[in-house]
Amino acid sequence: MSRLILFNKPYGVLSQFTPEGRWRALAEFIPLKGVYVAGRLDADSEGLLLLTDDGRLQAQIAEPKHKLEKTYWAQVEGIPDEAALDRLRAGVRLSDFTARPAQVRRIDEPAGLWPRDPPIRYRAAIPTCWLEIRIGEGKNRQVRRMGAAIGYPVLRLVRAAIGRLSVAGLGLGEWRQIEGDIRTLRGT
């Protein structure tokens, strides 16, 4: 079994151990050596980030060909109708690829969600809503680009789960270590 670190990454933290410019780094939160990020999460996104000491497991988590489902909570500007959500469910064309069909549904703001620092922009005249989006890919800024493609920009993005591992029980900036392999993530 490999060492697997589950980390609830705050907004403004890079998926690397060295800070850059205005962004903070993982070293500020995770004092471990010999673990590496398994799949990025942009600095302006929050939630579950996995790290491991096993290169093979790292590739299995990060590579879309392994079809490991990732669950995101996206707060979008506006209230998308079913036709807009159906575009995501069918697979939406982006500038450089067509995103595979996503599972998507409107949800209430997730229970226990921490406040974001800084808060998202607020516009009194434009409502927002939350979507749960499940994808098997995870290309660069994919969920944000999918939202923009259907006309509903993503204001806040939280990765809630990778496979069956979730951010539940982890406070913002907290991490925990487990032993596991790809079966741990798949629940097999």
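Up top you'll find the structure we're talking about.
Reading guide: rules and limits
Residues numbered from 1 in each chain as written. Predicted model: local features only at pLDDT ≥ 70, side-chain atom pairs only at ≥ 80, totals over all residues. Heavy atoms only, no water. Helix = DSSP H or I, 4+ residues; strand = E, 2+ residues; numbered from the N terminus. Rg over C-alpha atoms; globule rule 2.2 N^0.38 Å. Buried < 20%, exposed > 50% of the residue type's maximum accessible area, 1.4 Å probe, protein only. Contact = heavy atoms within 4.5 Å. Areas by Shrake-Rupley, 256 points an atom, 1.4 Å probe, with all protein chains shown as cover. Lys, Arg positive; Asp, Glu negative; His and termini not counted. Charge placed at Lys NZ, Arg CZ, Asp CG, Glu CD. Salt bridge = Lys/Arg side-chain N within 4 Å of Asp/Glu carboxyl O. Polar contact = N/O pair within 3.5 Å; in protein donor to acceptor, adjacent residues only side chain to side chain. Arc of directions from axis to C-beta. Core = buried A, V, L, I, M, F, W, Y, C linked by side-chain atoms within 4.5 Å. Pairing = 2+ DSSP bridges.

*Asks:* Go over the overall build of the chain with me, naming the residues and quoting the values.
*Replies:* Helix and strand counts for the chain stand at four helices and nine strands. Element order for the chain, N to C, with α for helix and β for strand: β-β-β-α-β-α-β-β-α-β-β-β-α. A compact globule built from 188 residues would reach a C-alpha radius of gyration of about 16 Å, and the chain, at 16 Å, matches this within 12%. When burial is assessed residue by residue, the chain has 50% of its 188 residues classed as buried. Long-range contacts, defined as pairs at least 24 residues apart, comprise 72% of the intrachain contacts of the chain with a sequence gap of at least 6. For the chain, the computed accessible surface area is about 9400 Å², with 49% contributed by carbon and sulfur atoms. A distance of 3 Å separates the average location of the 30 positive side-chain charges in the chain from that of its 22 negative side-chain charges.

*Asks:* Explain the pattern of salt bridges to me, and be specific about the residues and the numbers.
*Replies:* Tallying each qualifying case throughout the model produces 18 salt bridges. For Arg123, the salt bridge identified is with Glu77, shortest N-O distance 3.4 Å. Of the two residues, Arg123 is situated in the loop between strand S5 (103-107) and strand S6 (128-135) and Glu77 in strand S4 (residues 70-77); the sequence distance between them amounts to 46 residues. Residue Glu77 is classed as buried on the basis of its relative accessible area of 15%. As a salt-bridge pair, Glu132 and Arg134 come within 3.3 Å of each other at their nearest N and O atoms. Taken together, the shared-partner salt bridges connect Arg40, Asp42, Asp44, Arg141 and Arg144 into one network.

*Asks:* Mind laying out the side chain of Asp181, listing which residues take part and the relevant values?
*Replies:* By secondary structure assignment, the location of Asp181 is in the loop between strand S9 (175-180) and helix H4 (182-186). Residue classification places Asp181 among the buried residues on the basis of a relative accessible area of 17%. Among the polar contacts listed, one links the side chain of Asp181 to the side chain of Arg183, at a separation of 2.4 Å. Sequence-distant contacts of Asp181, that is, excluding residues within four places in its chain, are made with Met1 and Leu57.

*Asks:* So what's going on with helix H3 (residues 142-149)? Which residues, and what values?
*Replies:* The set of residues buried in H3 consists of Gln142, Val143, Arg144, Met146 and Gly147. Its buried side turned inward, H3 meets S4, helix H2 (82-90), S6 and strand S7 (154-162). Looking one or two residues beyond H3, the residue adopting positive phi is Gly151, at roughly 90 degrees.

*Asks:* Talk me through helix H1 (residues 55-62); I want residue IDs and the actual numbers.
*Replies:* Within H1, burial applies to Leu57, Gln60 and Ile61. The arc enclosing the buried residues of H1, seen along the axis, measures out at 95 degrees, which places them on a common side. Summarising the contacts, the buried residues of H1 are in contact with strand S1 (2-9), strand S3 (46-52), S4, S7, S9 and H4.

*Asks:* Explain the nonpolar core to me, and be specific about the residues and the numbers.
*Replies:* Across soluble globular proteins, you tend to see nonpolar side chains buried next to one another. Counting residues in each nonpolar core, the largest one holds 33 residues, and the members touching the most others are Leu51, Ile133 and Met146. Every element with two or more residues in this core is listed here: S1, S3, S4, H2, S6, H3 and S7. Here this core gets four residues from one element, more than from any other, and that element is S6. Each residue touching Ile133, except ones within four places of it in the same chain, is listed here: Lys70, Thr71, Tyr72, Ala74, Ala102, Gln103, Val104, Val143 and Met146.

*Asks:* If you had to explain the pairing of S7 to someone new, which residues and values would you point to?
*Replies:* Counting buried positions over the nine residues of S7 gives nine, a clear majority of the element. Sheet topology places S3 next to S7; two bridges connect them, and they run parallel. Each bridged residue has a counterpart across the sheet, and for Gly47 the counterpart in S7 is Arg159. Sheet topology note: the S4/S7 ladder contains seven bridges and is antiparallel.

All quantities given are derived from atomic positions and should not be read as evidence of function.
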